[in-house]
Amino acid sequence: QVQLVESGGGLVQAGGSLRLSCAASGSIVNINVMGWYRQTPGKQRELVATITGGGITNYAESVKGRFTISRDNAKNTVYLQMNSLKPEDTAVYFCNLRILLRPRDYWGQGTQVAVSS
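Owing to the predicted nature of the structure, the values given are computational and were not obtained by experimental measurement.

**Q** How do you make sense of the pairing of strand 5 (residues 46-52) when you look at a structure like this?
**A** Relative to strand 5, strand 4 (residues 32-39) is paired through six bridges, and the arrangement is antiparallel. Its bridge partner lying in strand 5, R38 is registered against E46. The turn linking strand 4 back onto strand 5 is made up of six residues, and G42 within it adopts a positive phi angle of 85°. In terms of strand pairing, strand 5 meets strand 6 (residues 57-59) through three bridges, oriented antiparallel. When the sheet's bridge partners are listed, T50 is paired in strand 6 with N58. Taking the residues that link successive antiparallel strands as the turn, the strand 5-strand 6 hairpin has four residues, and the phi of G55 there is positive, at about 95°.

The structure is reproduced here in structure tokens:
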């Protein structure tokens, strides 16, 4: 089993920045993809960004050029640097760990990001 704990959410003005962190613990399989998803009430959960253990990244079109995902494999932690935030970025952000060999997904409890205009 794997546990994921997110941190770094909060309230910020449009144009500001936030850095989210997600620390994984437990029996972690090395071959995995970590990522961030977000969800607002009444909307489907959407992919924000993913990163492989080798550093290959994938971003949603809406965040390209503004968000940067990274990971520290030694610390089993994934980060999301969010710059030039917009009100439409307001959502609960969830950390995801996908074990490719199973496959199996693990999710964090989410952290709230609110961007005011």
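**Q** Hey, could you run me through the packing of aromatic side chains in this one?
**A** Aromatic ring pairs are defined here through the distance separating the ring centres and the angle between the ring planes. With the rule as written, the count across this model stands at one aromatic pair. Ring centres of Y37 and W107 lie 5.1 Å apart, and the angle between their planes is 70°; this geometry places the pair in the edge-to-face category. You can see Y37 sitting in strand 4 and its partner W107 sitting in strand 10 (residues 104-107), a full 70 residues away along the chain. Exposure remark for Y37: the relative accessible area of 12% places this residue in the buried category. By relative accessible area, W107 is classed as partly exposed at 36%. Between R19 and the ring centre of Y79, over which it is positioned, the NZ or CZ distance is 4.1 Å. Here the basic side chain of R45 rests over the ring of W107, its NZ or CZ set 4.7 Å away from the ring centre.

**Q** Teacher, can you tell me more about the pattern of salt bridges here?
**A** Side chains carrying opposite charge are able to pair once their charged atoms draw close together. Taken as a whole and assessed by the stated rule, the structure comprises five salt bridges. Salt-bridge contacts for R38 lead to E46; the nearest nitrogen and oxygen are separated by 2.7 Å. Judged by its relative accessible area of 6%, R38 falls in the buried class. Relative accessible area serves as the criterion here: at 37%, E46 is assigned to the partly exposed category. Between D105 and R98 there is a salt bridge, with its nearest N and O atoms 2.8 Å apart.

What counts, and at which threshold
Residues numbered from 1 in each chain as written. Predicted model: local features only at pLDDT ≥ 70, side-chain atom pairs only at ≥ 80, totals over all residues. Heavy atoms only, no water. Pairing = 2+ DSSP bridges. Helix = DSSP H or I, 4+ residues; strand = E, 2+ residues; numbered from the N terminus. Phe/Tyr/Trp six-rings, centres within 6.5 Å; stacked < 30°, edge-to-face > 60°. Buried < 20%, exposed > 50% of the residue type's maximum accessible area, 1.4 Å probe, protein only. Lys NZ or Arg CZ within 6 Å of the ring centre and 35° of its normal. Salt bridge = Lys/Arg side-chain N within 4 Å of Asp/Glu carboxyl O.

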